[in-house]
Amino acid sequence: MNNIVAIVGRPNVGKSTLFNRLIQRREAIVDSVSGVTRDRNYGKSEWNGKEFSVIDTGGYVRGSDDVFEGEIRKQVELAIDEADVIIFVVDVEEGITPMDETVAKLLRKVTKPVLLAVNKVDNAMREKDAVEFYNLGLGDYYTFASISGSGTGDLLDALIEAFPEKPEPVQVAEELPRFAVVGRPNAGKSSFINALIGQDRYIVTDIAGTTRDAIDTKFDRFGFEFNLVDTAGIRRKAKVKEDLEFYSVMRSVRAIEHADVCILVIDATRGFEGQDQSIFWLAEKNRKGVVILVNKWDLVEKDTMSSRDYEEKIRKELMPFTDVPILFVSALTKQRLLKALEATVQVFENRKQRIPTSKFNEYMLKVIEAYPPPATKGKYVKIKYCMQLPTQTPQFVFFANMPQYVKEPYKRYLENKIRDNWDFAGVPIDIYIREK
């Protein structure tokens, strides 16, 4: 279970710049996926081997000073409720403002760790000016400059120290798989679950964003047994204006992190839009299984686009991770819902499967011998042994004499060969090259 960090404060103090810096740090450490728009207000970061989720609470407050103060109060309260640690960002150039005092007053009442981060401190004079922020009554502060990045290391060290100790998850033998139903608002997620369970458990309206929270439902029909999680729709940051909707985004992020498989419901009448892709890559980055359901297929004119054309278009957007089940369904007419369940359960099984080391070596070493890694600067890479790691998600290690010369294209080749021989549809795979 990852910790959640909320970045709070008034507008224009550098919250989003700090947020972007944290996301970039994450991108540098973990493999990045090219061509993916990451303009959203939630993301993943890592520091000193610890992963955490970051929520940027800025950019959605508008109006007069009175409305402004009321809105920021609601947003900070929501962030406090969901986050494990709060970073309160202030601006050394402007000093303490009445809005800073309002936020500080709220934060002084909470029992969760609060880190006071003074931004735009890039010289000794501003370091002295920062002393003023002791007056906020939040104790010690951390100075940094979000644009240049100076001081963020100390802030992140303190952040890691502030994380609460979380107990190791207890493995229960009968624990049911968790399938999170995710997607944009009004894509038909609640209708899909209602159709599955055979009753109107969730409120369904034409108004986007009716579902406000992530709700668990135990499903035990047709020989399947698992927990379904209906989440509120995830929207782009620019559309997240209402405080309840902001809360829904946070809940959806947490639901994805805690799921085994994410069922991504998209609206066939709107197509596979940028936000659908963002949700897909969020699930992929969390190494979750993914099934894509194209809902409302009954409303699409079949003359204009066949399911094959539609599927090809989606897979093109998913490059290079194209080994994902895509099904065309209708929650209204209950078309192909059982097939959707079967595909989801299969992805869950794929994610759990373990390949015996002897069989893995027998197949992969022949593949490598037929097409060895390309020579670099006259250096020939030899891979003599490989195995699947004993991890929760499929990870494979290949032992080579010079791992530094094995590049990404060859890793993709190895992944494709694994997928050719074993069914890992819908499941992200990690390939590691280590020195033997």
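In this text the structure is predicted, and so the values were computed from the model without any measurement.

Asker: What is the right way to look at the pairing of strand β11 (residues 289-295) in this model?
Answerer: The side chains of a regular strand alternate between both faces of the sheet. The buried fraction of β11 amounts to seven of the seven residues, a majority that puts the element mostly inside the structure. The two faces of β11 match: G289, V291, L293 and N295 on one face and V290, I292 and V294 on the other face are all buried. For the crossover from strand β10 (residues 261-267) across helix α8 (residues 274-285) to β11, the handedness is right-handed.

Asker: Quick question: what am I supposed to make of unusual backbone geometry here?
Answerer: Excluding glycine, residues mostly have negative phi values, and the peptide bonds linking residues are mostly trans. Residue P320 follows M319 across a cis peptide bond; omega there is 0 degrees. Structurally, the position occupied by P320 is in the loop between α9 (307-317) and β12 (326-328). Here the phi dihedral of K120 falls at roughly 70 degrees; this positive angle occurs in a residue that is not glycine. When you line up the elements, K120 lands in the loop between β5 (114-119) and α4 (124-129). Residue K120 is classed as partly exposed on the basis of its relative accessible area of 24%. Phi angles above zero are rare outside glycine, and R287 is one such case at about 60 degrees. With respect to the helices and strands, the residue R287 is situated in the loop between α8 and β11. Taking relative accessible area as the criterion, R287 reaches 13% and is therefore assigned buried.

Asker: Hey, could you run me through the packing of aromatic side chains in this one?
Answerer: Any aromatic ring pair is given by two values, namely how distant the centres are and how the planes are angled relative to each other. Under the criterion given, the structure shown has 17 aromatic pairs. Between F360 and F398, the ring centres sit 5.9 Å apart and the planes meet at 55 degrees, which makes this aromatic pair tilted. Within this pair, whereas F360 is found in helix α11 (residues 357-370), its partner F398 is found in strand β14 (residues 395-400), the two being separated by 38 residues in sequence. Seen in terms of ring centroids, Y371 and Y413 are 4.7 Å apart; in terms of plane orientation they differ by 80 degrees. Their pairing is edge-to-face. Separated by 42 residues along the polypeptide, Y371 in the loop between α11 and β13 (383-388) and Y413 in helix α12 (residues 408-421) bring together distant segments of the chain. Y371 sits in the partly exposed class, given a relative accessible area of 41%.

Asker: I would appreciate a short explanation of the sheet that holds β13 in the present structure.
Answerer: Whether parallel or antiparallel, the strands of a sheet pair through hydrogen bonds between backbone atoms. Spatial strand order, β13-β14-β15: three strands in an open sheet with mixed pairing. The outermost strands of the open sheet, each flanked by one partner alone, are β13 and β15 (430-435). Geometrically, the sheet is characterised by an average inter-axis angle of 20 degrees between neighbouring strands, direction not taken into account. Examined bridge by bridge, β14 and β15 share six bridges and lie parallel to one another.

Asker: Help me understand the nonpolar core, please; the structure alone is not making it clear to me.
Answerer: Considering soluble globular proteins, one finds that nonpolar side chains tend to be buried as a cluster. L264, I266, F280, I292, V294, Y310 and I314 are the most contacted members of the largest nonpolar core, which totals 29 residues. Among the elements of the structure, β7 (178-182), α7 (243-258), β10, α8, β11, α9 and β12 are those that each provide at least two residues to this core. Residue contributions to this core peak at five residues, all from α8. By size, the runner-up hydrophobic cluster in this structure holds 28 residues, among which are A187, I197, V265 and A340.

Asker: Explain the pattern of salt bridges to me, please; I cannot follow it from the model alone.
Answerer: One side chain can pair with another of opposite charge once the charged atoms of both are near each other. Considering all chains together, one arrives at 13 salt bridges under this definition. The salt bridge involving E349 is made with K352; its shortest N-O contact spans 3.9 Å. Of this pair, E349 and K352 both sit in helix α10 (residues 337-352), separated by three residues, roughly a single helical turn. Linked through salt bridges whose partners overlap, the residues forming this network are E93, D122 and R126.

Asker: Help me out: how do you make sense of the side chain of S53 in this one?
Answerer: Along the polypeptide, S53 turns up in strand β3 (residues 50-56). When near neighbours in sequence (up to four residues on either side) are disregarded, S53 contacts N2, N3, I4, V5, G43, K44 and E257.

Asker: Before we go on, may I ask you to explain the confidence of the model for the protein chain in this structure?
Answerer: Detailed reading of predicted coordinates is not advised where the pLDDT is low. The predicted model of the protein chain has a mean per-residue pLDDT of 76, with 77% of residues at 70 or higher. Mean pLDDT in the protein chain bottoms out at helix α2 (residues 65-82), which sits at 59, and peaks at α11, which reaches 93. Confidence over residues 233-245 falls short of pLDDT 50; this stretch has 40 contacts with residues more than four positions distant or in other chains.

Asker: Would you explain the packing of helix α6 (residues 189-197) against α10 in this entry?
Answerer: When two helices pack together, their arrangement is given by the angle between the helix axes and the distance between those axes. Two numbers describe how α6 lies on α10: the axes approach to 10 Å, and their chain directions differ by 100 degrees. The angle between α6 and α10 places the two elements in the roughly perpendicular class. Contacts between α6 and α10 involve F192, A195 and L196 from the former and L337, A340 and L341 from the latter. Classifying every residue of the contact of α6 with α10 by side-chain character gives six nonpolar, no polar and no charged.

About the cut-offs
- Residues numbered from 1 in each chain as written.
- Predicted model: local features only at pLDDT ≥ 70, side-chain atom pairs only at ≥ 80, totals over all residues.
- Heavy atoms only, no water.
- Buried < 20%, exposed > 50% of the residue type's maximum accessible area, 1.4 Å probe, protein only.
- Helix = DSSP H or I, 4+ residues; strand = E, 2+ residues; numbered from the N terminus.
- Right-handed = clockwise from strand over helix to strand, strands pointing away.
- Phe/Tyr/Trp six-rings, centres within 6.5 Å; stacked < 30°, edge-to-face > 60°.
- Pairing = 2+ DSSP bridges.
- Axes fitted to C-alpha atoms, helices over the stretch in contact; angles between N-to-C directions.
- Core = buried A, V, L, I, M, F, W, Y, C linked by side-chain atoms within 4.5 Å.
- Salt bridge = Lys/Arg side-chain N within 4 Å of Asp/Glu carboxyl O.
- Contact = heavy atoms within 4.5 Å.
- pLDDT = per-residue confidence, 0-100.
- Parallel < 35°, antiparallel > 145°, perpendicular 65-115°, else oblique.
- Nonpolar A, V, L, I, M, F, W, Y, C, P; charged D, E, K, R; others polar.

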